[in-house]
Amino acid sequence: MIAVEKLPAASIEPVMSALLSIGYTDVAFRQLGVSRDRSPSSYGANWIDHLAWGVDSVYAAARLLFCGQFMGATAILRSQFERWAENAAYNTDVTHKIGEPAASYYGRAWAKCHEDYPFARRVIRNPDTPAAPAWDEETEQHSSDGPSVNVGLDHEVHPVELMESMSEFLHGRGPWRELAHWDAGQLFDAEPPRILRDASESLADVITLILRQVRLCLATAADEQGKINLPAKVLSRSFERAHAGSVGPKFWSLAPLLPKAGLRPEVVLGLEDAARAHTEVMLGRRPAGRLYRDDEFAHLHFYERRARAAKWALKAFHMEKEKIGHLDFEYLETRNFRYMIASEMAGILAVWLEGSPAGDAAASCSSALRSAYWLWLEDDDRALAALRIVLEQSARMRTWTEKPDKAEKLAASPSTTPKDWVKAAGWNRLRALTKALGEFSHGHANVRFEGAREILEKIQAGDVDPDHSIHLARGHALDALTVLLLTESVNTASKVSTLIGDAFLDIVDDVVMSKEDLASRREELLNRTLAQRDTPLGDYSFHGPADALRADSNHSPGSDNSDGSL
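Remember, predicted model here, so these are calculated numbers, not experimental data. (Residues numbered from 1 in each chain as written. Predicted model: local features only at pLDDT ≥ 70, side-chain atom pairs only at ≥ 80, totals over all residues. Heavy atoms only, no water.)

Chemist: Just checking my understanding: could you explain the overall build of the protein chain for this structure?
Modeler: Looking only at helices and strands, the protein chain has 22 helices and two strands in total. Computed over its C-alpha atoms, the radius of gyration of the protein chain comes to 23 Å, within 12% of the 24 Å expected for a compact globule of 566 residues. When the backbone C-alpha atoms are referred to their principal axes, the protein chain occupies close to 70 × 55 × 50 Å. Burial analysis of the protein chain (566 residues in total) assigns 58% to the buried set. Of the roughly 23,000 Å² that the protein chain leaves accessible, carbon and sulfur atoms contribute 51%. A distance of 2 Å separates the average location of the 64 positive side-chain charges in the protein chain from that of its 81 negative side-chain charges. (Helix = DSSP H or I, 4+ residues; strand = E, 2+ residues; numbered from the N terminus. Rg over C-alpha atoms; globule rule 2.2 N^0.38 Å. Buried < 20%, exposed > 50% of the residue type's maximum accessible area, 1.4 Å probe, protein only. Areas by Shrake-Rupley, 256 points an atom, 1.4 Å probe, with all protein chains shown as cover. Lys, Arg positive; Asp, Glu negative; His and termini not counted. Charge placed at Lys NZ, Arg CZ, Asp CG, Glu CD.)

Okay, here's the thing in structure tokens:
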């Protein structure tokens with residue numbers, strides 16, 4: 001955490017510049033009736049709030065990037081990249097061809113939608129499109145460079161390349177995996193990897209595209225509400241890729257939302273002060289007595305999101321106190337320590353095994369678990385996307401450790417799926433868990449969050465209060481994957497050295513849970529999950545204008561829960 005304050009400019013500058021492209025967006029949100037006290041992690045109850053969720057999600061990813069947690073940030077950005085590419089595709093009559101790689105489809109959608117930005121014509125098409133592959137069927141895919149999109153004055157963005165780079169990284173492959181080692185193994189206390197600048201620039205490009213698509217949606221909504229002066233201001237590209245400096249937000253605004261860290265009274269007060277200044281600026285005033293510089297402007301938008309996140313965390317604590325009569329903050333700190341131990345063990349393994357696939361898997365697990373905990377503290381479903389990484393990479397680490405020949409064959413085959421790694425690890429009983437976590441890893445039109453959440457609820461231990469079980473499902477998944485990672489870290493360490501493996505196990509036994517509990521809890525998880533192997537995922541979670549039109553013939557595209565953007 002100390003090293004986070006010293007991250008190099010190469011990791012900060014591109015992200016700051018991308019955030020500056022928000023421009024007039026927050027003013028437009030307020031004029032169009034956004035819920036100002038919304039939770040940053042909420043999908044939104046109406047169309048305007050849903051658009052605001054897209055922007056809030058970008059800031060959630062940026063916060064992780066400012067902390068060097070590229071793995072967690074990429075999990076958020078890929079799902080948002082998919083979600084708004086689907087929006088672009090719907091409005092420009094781009095359909096997903098049977099057998100076409102997802103990256104190619106999204107590349108065509110982004111290019112078609114933005115070829116004449118900010119001028120475009122909306123084409124409403126038939127919504128019946130082929131379902132995207134399930135997460136556990138996701139294979140390694142490589143497409144051509146595909147079409148490009150121009151942002152700013154003269155910068156070309158290649159959506160296909162962006163999508164594939166993110167997906168490769170999330171599966172522990174590709175050149176970006178060095179970033180996970182820098183985070184998990186080296187703790188930023190080493191020369192940054194050469195790929196840092198390219199990766200940061202690429203993720204900044206993803207942020208720019210997402211914010212641009214949301215602005216297109218806002219412009220349409222403003223036009224439909226008769227606010228004729230808003231569209232031109234919202235669609236301005238003058239801020240895209242403008243320099244916003246190399247100084248990220250203040251360190252205290254980045255900390256996890258724990259009572260002794262990001263929720264300290266002085267931190268919350270600082271965020272609230274910044275949020276009030278943000279409100280003043282949105283009203284056209286000058287709380288600082290002058291115009292803000294570009295970097296200050298970018299920071300102000302960031303602090304407003306973190307203020308809302310802190311507010312909702314405190315609200316959740318208050319609700320818990322009303323429900324059970326007290327708050328056990330020490331228990332929360334104990335959980336933090338447990339996840340820290342699991343993450344650090346995997347990070348140490350990444351150092352010892354660097355240069356090997358098992359080392360890449362360990363680094364991915366370490367980084368992803370940290371992000372999963374930080375996001376869980378904010379009631380953010382993207383914590384489950386990070387846990388999906390922990391599951392797949394734990395299985396990959398186990399397979400390389402126990403069955404290297406099998407692992408070699410899986411790694412060499414382009415048709416290998418994450419499901420294959422889980423099966424090869426001997427965890428086929430976890431099929432329902434892999435399926436559920438996978439739903440939260442994507443943002444395409446065919447995600448089924450409700451069914452996935454039901455699976456996570458049902459795989460909890462039988463002694464959980466049924467009235468509270470749905471609210472504990474994310475936390476149980478976090479604990480379950482922590483147990484799985486601890487077990488595999490001990491197992492892999494034993495292959496490095498029996499002495500080290502015994503030391504790892506002693507640490508777990510001393511400060512986390514007994515050796516006997518570690519083994520029994522993993523076995524119980526496998527069996528409980530097996531019992532849910534046939535649980536269906538149910539209906540799709542996102543519904544566009546075609547569904548609304550079928551329900552209400554008077555509904556107009558571009559408003560409320562519609563998916564019309566242009």
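Chemist: Explanation requested: the environment of Leu-433 in the structure shown.
Modeler: Looking at where Leu-433 falls in the secondary structure, it is placed in helix α17 (residues 431-439). Here the alpha-carbon distance between Leu-433 and Gln-532, two residues 99 residues apart in the chain, equals 8.6 Å. Filtering out sequence-adjacent residues up to four positions away, Leu-433 remains in contact with Leu-391, Leu-456, Ile-459, Leu-481 and Thr-529. (Contact = heavy atoms within 4.5 Å.)

Chemist: Help me out: how do you make sense of the packing of helix α12 (residues 329-352) against helix α20 (residues 498-511) in this one?
Modeler: The description of two packed helices rests on the angle between their axes and on the distance between the axes. At a minimum axis separation of 11 Å, α12 and α20 run at an interaxial angle of 170 degrees. Here α12 is positioned roughly antiparallel relative to α20, judged by the angle of their axes. Contacts from Phe-337, Ile-341, Met-345, Ile-348, Leu-349 and Trp-352 of α12 reach α20 at Ile-500, Phe-504, Ile-507, Val-508 and Val-511. When grouped by side-chain class, the residues that make up the contact of α12 with α20 number eleven nonpolar, no polar and no charged. (Axes fitted to C-alpha atoms, helices over the stretch in contact; angles between N-to-C directions. Parallel < 35°, antiparallel > 145°, perpendicular 65-115°, else oblique. Nonpolar A, V, L, I, M, F, W, Y, C, P; charged D, E, K, R; others polar.)

Chemist: Sorry, what's going on with a negative patch on the surface here?
Modeler: Residues Asp-509, Asp-510, Glu-516, Asp-517 and Glu-524 make up a contiguous surface patch of negative charge. Contributing elements (two or more residues each) for the negative patch: α20 and α21 (515-530). For the negative patch, the leading source of residues is α21, giving three residues. Tracing the sequence through the fold places Glu-524 in helix α21. Overall, the relative accessible area of 41% leaves Glu-524 in the partly exposed class. (Patch = residues over 30% accessible without salt bridge, like charges linked within 9 Å, V, L, I, M, F, W, Y side chains within 5 Å. Salt bridge = Lys/Arg side-chain N within 4 Å of Asp/Glu carboxyl O.)

Chemist: Any chance you could explain the pattern of salt bridges here in plain terms?
Modeler: As a working rule, side chains carrying opposite charge can pair if their charged atoms are close by. Summed over all chains, the structure comprises 40 salt bridges. The partner of Asp-56 in a salt bridge is Arg-38, with the nearest N and O atoms 3.1 Å apart. With Asp-56 in helix α3 (residues 47-66) and Arg-38 in the loop between α2 (25-31) and α3, the pair connects residues that are 18 residues apart, well separated along the chain. Here Arg-38 falls in the buried class, since its relative accessible area comes to 11%. Linking Glu-378 and Arg-306 is a salt bridge whose minimum nitrogen-to-oxygen distance equals 2.7 Å. Linking Glu-378 in the loop between α13 (357-376) and α14 (382-402) with Arg-306 in helix α11 (residues 294-324), this pair joins segments that are 72 residues apart in sequence. Residue class for Arg-306 comes out buried when judged on its relative accessible area of 7%. Here the salt bridges share partners, and the residues they tie into one network are Asp-26, Arg-38, Asp-56, Glu-304, Arg-305 and Arg-308.

Chemist: Would you mind showing me how to read helix α18 (residues 449-458) here?
Modeler: Since there are 3.6 residues in each turn of an α-helix, residues three or four apart along the chain are aligned in direction. Residues Phe-449, Gly-451, Ala-452, Ile-455 and Leu-456 constitute the buried set of α18. The buried side chains of α18 occupy one side of the element, clustering within an arc of 170 degrees when seen end-on. Packed against the buried residues of α18 are α14, α17 and α19 (469-496). (Arc of directions from axis to C-beta.)

Chemist: How should a nonpolar patch on the surface be read in this particular structure?
Modeler: Together, Phe-337, Met-340, Ile-507 and Val-511 give the surface a local cluster of nonpolar side chains, amounting to about 310 Å² of exposed area. Within the residue set of the nonpolar patch, elements represented by two or more residues are α12 and α20.

Chemist: Would you mind showing me how to read unusual backbone geometry here?
Modeler: Most peptide bonds are trans, and most residues other than glycine sit at a negative phi. Its identity as a non-glycine residue notwithstanding, Phe-188 has a phi of 65 degrees, on the positive side. Locating Phe-188 in the fold gives a position in the loop between α7 (177-184) and α8 (196-224). Backbone geometry places Arg-241, a non-glycine residue, at a positive phi of 65 degrees. By secondary structure assignment, the location of Arg-241 is in the loop between α9 (230-234) and α10 (265-282). Given a relative accessible area of 37%, Arg-241 falls into the partly exposed group.

Chemist: Got a minute to help me understand the side chain of His-181 in this structure?
Modeler: Its location among the elements puts His-181 in helix α7. Among residues more than four places away in sequence, those in contact with His-181 are Gln-186, Ala-350, Glu-354, Gly-359, Asp-360 and Ala-363.

Chemist: What exactly am I supposed to notice about the packing of aromatic side chains here?
Modeler: Centre distance and the angle of the planes are the two values used to describe a pair of aromatic rings. On inspection of all chains with the given rule, the structure shows 15 aromatic pairs. A centroid spacing of 4.6 Å and a plane angle of 55 degrees characterise the contact between Tyr-339 and Tyr-373, whose relative ring orientation is tilted. Linking Tyr-339 in helix α12 with Tyr-373 in helix α13, this pair joins segments that are 34 residues apart in sequence. Of the two residues, Tyr-339 and Tyr-373, neither departs from the other in class, the shared state being buried. Three or more aromatic residues link up through ring pairs in this structure, and these residues are Tyr-59, Phe-66, Trp-252, Phe-302 and Tyr-303. Over the face of the ring belonging to Trp-84 we find Arg-83, whose NZ or CZ atom lies 4.4 Å from the ring centre. Just above the ring of Tyr-117 sits the side chain of Arg-212; from NZ or CZ to the centre is 3.8 Å. (Phe/Tyr/Trp six-rings, centres within 6.5 Å; stacked < 30°, edge-to-face > 60°. Lys NZ or Arg CZ within 6 Å of the ring centre and 35° of its normal.)

Chemist: Even after reading the chapter, I still don't get the packing of α14 against helix α15 (residues 404-412), so can you show me in this structure?
Modeler: Running from N to C, α14 and α15 point in directions that differ by 125 degrees, and their axes come no closer than 5 Å. Classified by the angle between their axes, α14 and α15 sit oblique to one another. Between α14 and α15, the residues in contact are Thr-399, Trp-400, Thr-401 and Glu-402 and Pro-404, Lys-406, Ala-407, Glu-408, Leu-410 and Ala-411, respectively.

Chemist: What is the right way to read the nonpolar core from this model?
Modeler: Formed by 175 residues in total, the largest nonpolar core has its most connected members in Leu-387 and Leu-456. When residues of this core are assigned to their parent elements, the largest contribution, 14 residues, is made by α8. Excluding anything up to four places from it in sequence, Leu-387 contacts Leu-369, Ala-372, Leu-437, Ala-477, Leu-478 and Leu-481. (Core = buried A, V, L, I, M, F, W, Y, C linked by side-chain atoms within 4.5 Å.)

Chemist: Sorry if this is basic, but what is going on with helix α6 (residues 159-170) here?
Modeler: With twelve residues, α6 extends 17 Å between its outermost C-alpha atoms, agreeing within 8% with the 16 Å of an ideal straight helix rising 1.5 Å per residue. The buried fraction of α6 is high, at ten of twelve residues. Buried within α6 we find Pro-159, Val-160, Leu-162, Met-163, Glu-164, Met-166, Ser-167, Glu-168, Phe-169 and Leu-170. Trailing α6 by a residue or two, Gly-172 shows a phi angle of about 75 degrees, which is positive. (Expected span 1.5 Å × (residues − 1).)

Just distances and angles here, no functional claims.
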